[in-house]
Amino acid sequence: MPQDFARNASITRRECVAVLGAAAGSIAVPQAASAAAPADTAGTHSVAVSLRVNGAAHSLQLDPRVTLLDLLREQLGLTGTKKGCDHGQCGACTVLANGRRINSCLSLAVVHDGHEITTVEGLAHGKNLDAIQAAFIDHDGFQCGYCTPGQICSAVALLSEARHGDASYVTADLSRTGPADLTDDEIRERMSGNICRCGAYPGIVAAVKEAQADWSSASRSKGGQ
Amino acid sequence: MNPFQYERARDAAGAVQSVSPRSKFLAGGTNLIDLMKNGVEKPEVLIDVNRVALASIDSQPDGGVRLGALARNSDTANHPLVRQRYPLLSQAILSGASPQLRNLATNGGNLLQRTRCPYFMDPGFTQCNKRTPGSGCGALEGFNRLHAILGASPQCIAVHPSDMCVALAALDAKIRVQGKSGERIIAMAAFHRLPGDKPEIDTNLDPGELIVSIDLPPSPYAAHSHYLKVRDRASYEFALVSVAAALELDGGTIRSARIALGGVAHKPWRAEAAEKLLAGAKPAPDLFQKAGEAAVAGATPYRDNGFKVEMAKRAVARALANAGGVA
Amino acid sequence: MITIGDPLARVDGPAKVTGEAKFSAEYSIPGLVYASLVMSTIPSGHVQFRTAAAERAPGVVAVLTPANAMRLPAPEKRLTLLQDDRVYYQNQPIALVVAETLEQAHYAASLVEPRYEAAPAKLDFLAEFPQSYPGQHNGEPGDQSWGDVEGGLRSAAVRVEQTYTTPVEHHNPMEPHATVAHWEGDHLRIYDATQHITGVQEDAAKLFAIPKENVHVTCLFTGGGFGCKGQVWSHVMLAALAAKQVKRPVKLALERPQMFGPVGARPRTHQQVTLGATREGKLTAIRHVVHTNTSLLEDYMESAAFPTRVMYACPNISTTSRLVQLNFGTPTYMRAPGVATGTYAIEVAMDELAYELKMDPLQLRLANYAETDPHSGEPFTGKHLRECYAKGAAQFGWSKRNHEPRSMRAGHELIGWGMATETYPGKNLPASALVRFQPDGRVLVASGTQEIGTGNYTVMTEVAASILRVPVSQIDARLGDSNLPEAPISAGSMSTASITPAVKAACEQARQKLIALAAGDSRSPLHGAPADRIELQDGKLVWTGETSKSEPFSTLLQRNGNRPVEAMASTKPQLDPKTPCHSFGAIFAEVRVDADLGTTRVKRVVAVYDVGRIINQRTARSQFIGGIVWGISLALLEDTHVDWRYGRIVNHDLEKYHLPVNADIPDLQVSALDIPDYKLDTLGARGVGEIGITGTGAAIANAVFHATGKRIRDVPITPDKLL
């Protein structure tokens, strides 16, 4: 079972009073999901937007300057998606919009009216991690964990792109169709839009490879039935 | 980001009717939103054209292909028609940015990408004739490793950042645009401008015109083309120098050639002298080297980018060799 | 049961892969407002402001400038905190806007109009050398010499004398610095992205002149630090200042460009290295003179000459360090400070010497192997570098190397093999930890350390589980809160060697209490057992030799008032700081250089480390790999481009400041000898976080020379330098 890190601060406060005689102070509350737009958007014309995030419908009135990333993090309480550079230069903010990976920092939220957004919070199946999430843990495909949600969203899309036969810059033969052959170099190129400063790239490649192999064997066994 | 009014256009005509000097069209946003965050672009109105039906990619009766202006870069690169008939374009697009950005970026937006010159992108530098006409060029005597060696002016030595456009230049694409008074066609070679004394104007698009498609003529180059990109890191970076090379081979002879360079000028740089030199000749390494030399004839480097002259020369030779299968 | 060293998967892994792990910018407090900084655009001078437009902008709560920011009781020059109108460098925080939303704050910040009065700026690094001055690093003097260096050089049959340079580098952890600050009366609550919660607590207490206990700092996860989150910077205190002034909780997250200047950097180094050697390759003298930049705000010295003092047996060594003051953002510790840059220079110089001598580079290292500390002659606490060389060379196939440059080629690609020695000091600091057996059957292990990616939750869990013999699933590791027992900064490869002895001691003390409770409890099956006959097994207390006599510790605690049993332990470094204690390693790299285009790609790397005991094979491996990735980056990519006319950074973003992407990194084969060093600490670990970057830059630069015959002495080795 994953430990409940979100509750860590309050637990340690209470539990360690005995040890340290700590002084009182406020305790942070998890960011509440709110459908309300910021109170004051004067100076801009707020825009009505409806979108689904991880299956949940949201109808919002938004300052059009709000990026999809800031909508998720600052208004919907979905802080799993990370802000690394805010300029499309690192990939930490990668989410799936209608199933496709995008940099949510360079996309205004109002553009996504009617779209289905999937974030890292929406990938697990109930209490079970998605195969790619489990593979990232198995292969230690991260250290600090900050780029990880973006890496994982990217990897999910990569696998579906490869099944669809999408090519990359290192694909030797563009005329060849059918699912892409995910060599290590193909995975490296296709994951290059997600920077990891901890340098966990070898583990990331191994994790994507394993998830790809799992999918291939699963689809082969399905095909055989 | 400055406050702005957000509008959604339903169709191209509506978009073109509602546009004004205060507004900008918003497509993928990967460049415009970036520049708005930096305070370089400050439109008062954004007209979101993402829902305009201009995203299809279709075969044309003449054997060419029409690329919708709002087709995403990734969809364009992976479209079977493009992969079969214009692998050079697929390769060029796939060499650029990242999968996430290519999923957002549109073909029309790619054409309108602005330079990545740091003096342009950072208002903390006071000098940039492109951002603030008349303020001077910060790069001219500053950090100019990434800057132009061809076609620059004392007013601006920035380069056009696109990979896609380099392939489009080599493929003689035509840009179909719609304005208030109707449609017109601009040849790719005439679409982007050299800086001259008006570096603030990137293209020959008239104010308020909307790109509706990129039309690719039938191409004899599908079998022998290569897009070569040279950069510091292995991926996710703009080119130091790039080359789109395409050969039409007839037996052992080059019938015609197309060469365009990226990262060297304010626009994708067609190397017509080099193309002429190749036409009618037999592919050979020394011929390709001569083509490389011809491609950079007249190059003027600055303090930090002298290497680009030699690099471009060699990149042309390599791209031709790869295209011709005589590596 | 788990044993120390087992590759336990990260216990915080599920939180990190689901987005549940909460980073500092992700806390919200009712009433929260957003702050945005205004940064200087001149390198030196004075500034005043016109703020009317910003104040009128929608949603603005306050515009703080030196004219209206509250006076701090105890300001610190190192931090620019709106206490005066001075500008010391480009991109210095000079004003701050607070607004209801992030968008409003950013926009209003763009409306603040600074009016500068520029002053002359020191911006020419080389021209300032005559004004340079000596420095120190963590109390160690920058200059140290022994023997007769001039004599050693005169008597040398072969000399190498070269200058090597490394550029200013910026840490750029993926998580930008971020602070949420909130006052309740004179109590300050801070959520901060930091490598040192106690440091934040102490600095805040000092600046605002409040008791340390009034400051409560939390940081459950740090999204990478690499040194830049080790110290407290302006923005942390500006967030607290703003929160006090507007009387609301304030969130201040730095934008990426704001991480180029105000939060430290690895300074530029200019290193003159002179080696003298006999014809047989024995070093007769080493001279290492280093100039590095520092700022007008503080003296930070990059200790690039320090590794030269320990790497090779040589009777005559002189190391000199000089600081060059510039109007530029202050430098600070960055992954393997001094050692990453210093080993680059000295290990390339050794390669040059090997070529002068026509000697295999590995043989040259072996010929100068330091059996004892080259200065004091004292034995190392443990040094097994020879095994690292041998194992690494065998795994890499080094014996098949042709010494001649440009001797290997595949098509357009020139192939090169290079190697280098790696080293990093073994050190630790005082730390404390709490271990608590709870009646619900869980064990809490807590220490006020940080998780910056090194795996501290996991390491604390692993050490406690293996010592207590309690299943991992029953252990809860807690860290990142200033109310926990105090622990040191997560830096200098010291965390594991500092924290784990405290965890071990707390485990042992808590277990003794538990055993005493059981032995004295007449209702326990263990009643009356001698203490040395009771042990924990799989979470149960067991009377050894009497297997039927056992009970889960939870049963014992439930019966005894349902109260926990706990112990807190504090440990101090046990090693005399004068005792030479260093980790070592050997790295071998293969590069491919495009003969025409000059692009270099690393093809494979083999590295073997002697770092004491490995506490967790999985997380340690990731740290070695991360270090090597940083070394590749140092060798080939990272460079802060500055327009020195203005002292302004040109590539203050992640587009043009090149961090490696996935495609830059090949398969990296790393291993460790895993020989414990119990002289440093009771667990025998010496730390693994930084050694991986050391030597790597040189191994790659040496491989590039082997491939091309071109010796590049100014990293990064970009394609333009190889054309």
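Residues numbered from 1 in each chain as written. Chains lettered and ligands numbered in written order. Predicted model: local features only at pLDDT ≥ 70, side-chain atom pairs only at ≥ 80, totals over all residues.

Before going further, it helps to spend a moment on the overall build of chain A. Looking only at helices and strands, one finds six helices and five strands in chain A. Secondary structure elements in chain A, listed N-terminal to C-terminal, are α-β-β-α-β-β-β-α-α-α-α. In chain A, which comprises 225 residues, the share counted as buried stands at 59%. Considering only residue pairs separated by 6 or more positions, chain A has 57% of its internal contacts joining residues 24 or more positions apart. (Helix = DSSP H or I, 4+ residues; strand = E, 2+ residues; numbered from the N terminus. Buried ≥ 20, exposed ≤ 12 C-beta atoms within 10 Å, placed from the backbone. Contact = placed C-beta atoms within 7 Å.)

Moving on to helix 5 (residues 87–94) of chain B. All names here are of chain B. Taken across its eight residues, helix 5 has eight buried, putting it largely inside the fold. Listed in full, the buried residues belonging to helix 5 are Pro 87, Leu 88, Leu 89, Ser 90, Gln 91, Ala 92, Ile 93 and Leu 94. Summarising the contacts, the buried residues of helix 5 are in contact with helix 3 (73–78), helix 4 (80–85), helix 6 (99–104), helix 9 (164–170), strand 9 (225–230) and strand 10 (241–250).

To continue, consider the environment of Glu 371 of chain C. Residue and element names in this part refer to chain C. Mapped onto the elements of the fold, Glu 371 is located in the loop between helix 8 (361–367) and helix 9 (385–396). The exposure class of Glu 371 is exposed, given the 11 C-beta atoms found within 10 Å. With twelve residues separating them in the primary sequence, Glu 371 and Lys 383 have C-alpha atoms 8.0 Å apart.

This part is about the interface of chain C and chain A. Taken together, the 75 residues of chain C in the interface contact 72 residues of chain A. A per-element tally of the side of chain C that touches chain A places helix 13 (residues 617–636) of chain C first, with seven residues.

A few words now on unusual backbone geometry. The amide bond that connects Val 715 of chain C to the next residue, Pro 716 of chain C, takes the cis arrangement and shows omega of 0 degrees. Even without glycine at this site, Asp 86 of chain A takes up a positive phi of about 70 degrees. Tracing the backbone through its elements, the reader meets Asp 86 of chain A in the loop between helix 2 (68–75) and strand 3 (94–97). Given 26 C-beta atoms within a 10 Å radius, Asp 86 of chain A is considered buried. The phi dihedral of Lys 358 of chain C falls on the positive side, at around 55 degrees, and the residue is not glycine. Summarising the element assignment, Lys 358 of chain C is placed in the loop between helix 7 (339–357) and helix 8.

All names here are of chain C. Judged by which residues are buried, strand 15 (residues 250–253) turns out to be covered on both faces: Val 250 and Leu 252 on one side and Lys 251 and Ala 253 on the other are all buried. The pairing of strand 1 (residues 33–39) with strand 15 spans two bridges and is parallel. Of the residues in strand 15, the one forming a bridge with Val 33 is Val 250. The pairing of strand 12 (residues 178–184) with strand 15 spans four bridges and is antiparallel. Bridge pairing links Thr 179 to Leu 252 in strand 15. (Pairing = 2+ DSSP bridges.)

Between chain B and chain C, the residue contacts involve 23 residues of the former and 27 residues of the latter. Top element by residues in the side of chain B that touches chain C is helix 13 (residues 307–324) of chain B. It accounts for six residues. A breakdown of the residues in the side of chain B that touches chain C according to their chemical character gives twelve nonpolar, five polar and six charged. (Nonpolar A, V, L, I, M, F, W, Y, C, P; charged D, E, K, R; others polar.)

The next thing to look at is the packing of helix 13 of chain C against helix 14 (residues 696–708) of chain C. Residue and element names in this part refer to chain C. Where helix 13 contacts helix 14, the two axes come as close as 7 Å, and the packing angle between them is 50 degrees. By the angle class used here, helix 13 and helix 14 are oblique. Along this stretch, helix 13 crosses helix 14, giving a crossing that reads as right-handed. Contacts between helix 13 and helix 14 involve Ile 628, Gly 631, Ile 632, Leu 634, Ala 635 and Leu 636 on the former and, on the latter, Thr 696, Gly 697, Ile 700 and Ala 701. Taken together, the residues of the contact of helix 13 with helix 14 break down into seven nonpolar, three polar and no charged. (Axes fitted to C-alpha atoms, helices over the stretch in contact; angles between N-to-C directions. Parallel < 35°, antiparallel > 145°, perpendicular 65-115°, else oblique. Left-handed = near helix turned anticlockwise from the far one by under 90°.)

In any sheet, the strands associate via hydrogen bonds between backbone groups, in a parallel or an antiparallel arrangement. Residue and element names in this part refer to chain B. Spatial strand order, 1-3-2: three strands in an open sheet with parallel pairing. Single-partner strands in this sheet number two, and they are strand 1 (5–8) and strand 2 (23–26). Neighbouring strand axes in the sheet, compared pairwise and without regard to direction, differ in orientation by 25 degrees on average. As judged from the four bridges shared by strand 1 and strand 3 (residues 45–48), these two strands associate in the parallel manner. When the bridges of strand 3 are listed, Gln 5 appears paired with Val 45.

All names here are of chain C. Relative orientation of the contacting elements helix 10 (residues 456–468) and helix 11 (residues 495–520) amounts to 35 degrees, with a least axis distance of 9 Å. Pair helix 10 / helix 11 crosses with right-handed handedness. Taking contact as the criterion, the partners of Asn 456, Val 459, Met 460, Val 463, Ala 464, Ile 467 and Leu 468 in helix 10 are, on helix 11, Ser 495, Thr 496, Ile 499, Thr 500, Val 503, Lys 504, Cys 507, Glu 508 and Arg 511. In the contact of helix 10 with helix 11, the residues fall into nine nonpolar, four polar and three charged.

Residues and elements named next belong to chain C. Judged by pairing direction, the sheet is mixed, and its seven strands sit side by side in the order 3-5-1-15-12-13-14 without closing on themselves. The open sheet is flanked by strand 3 (60–64) and strand 14 (215–218), the only strands paired with a single partner. In this sheet, neighbouring strand axes are inclined to one another by 20 degrees on average, regardless of whether the strands run parallel or antiparallel. Running at roughly 150 degrees to strand 14, helix 5 (residues 197–208) makes contact with strand 13 (187–192) and strand 14 of the sheet.

A word on the pairing of strand 2 (residues 45–50) of chain C. In summary, the side chains of a regular strand alternate between the two faces of the sheet. All names here are of chain C. Direction of pairing for strand 2 relative to strand 4 (residues 86–87): antiparallel, over a ladder of two bridges. Residue pairing across strands places His 46 opposite Arg 86, the latter belonging to strand 4. Of the pairings in the sheet, the one linking strand 2 to strand 6 (residues 113–118) comprises six bridges and is antiparallel in character. Residue pairing in the sheet places Gly 45 in a bridge with Ala 118 of strand 6.

A separate point is the confidence of the model for chain A. Chain-level statistics for chain A give a pLDDT mean of 84 and a share of 77% at 70 or above. pLDDT under 50 marks residues 6–43 of chain A. Its contacts with residues more than four places away, or in other chains, come to 76 contacts. (pLDDT = per-residue confidence, 0-100.)

Here the focus is helix 9 of chain C. All names here are of chain C. The terminal C-alpha atoms of helix 9, which comprises twelve residues, lie 16 Å apart, in line with the 16 Å expected from a rise of 1.5 Å per residue. Every buried residue of helix 9 is listed here: Leu 385, Cys 388, Tyr 389, Gly 392 and Phe 396. One face of helix 9 carries all of its buried residues, which in axial projection span an arc of 100 degrees. Looking at the buried positions of helix 9, the neighbouring elements they touch are helix 8, strand 28 (582–594) and strand 29 (600–610). In the segment just after helix 9, Gly 397 is the residue with positive phi, at about 85 degrees. (Expected span 1.5 Å × (residues − 1). Arc of directions from axis to C-beta.)

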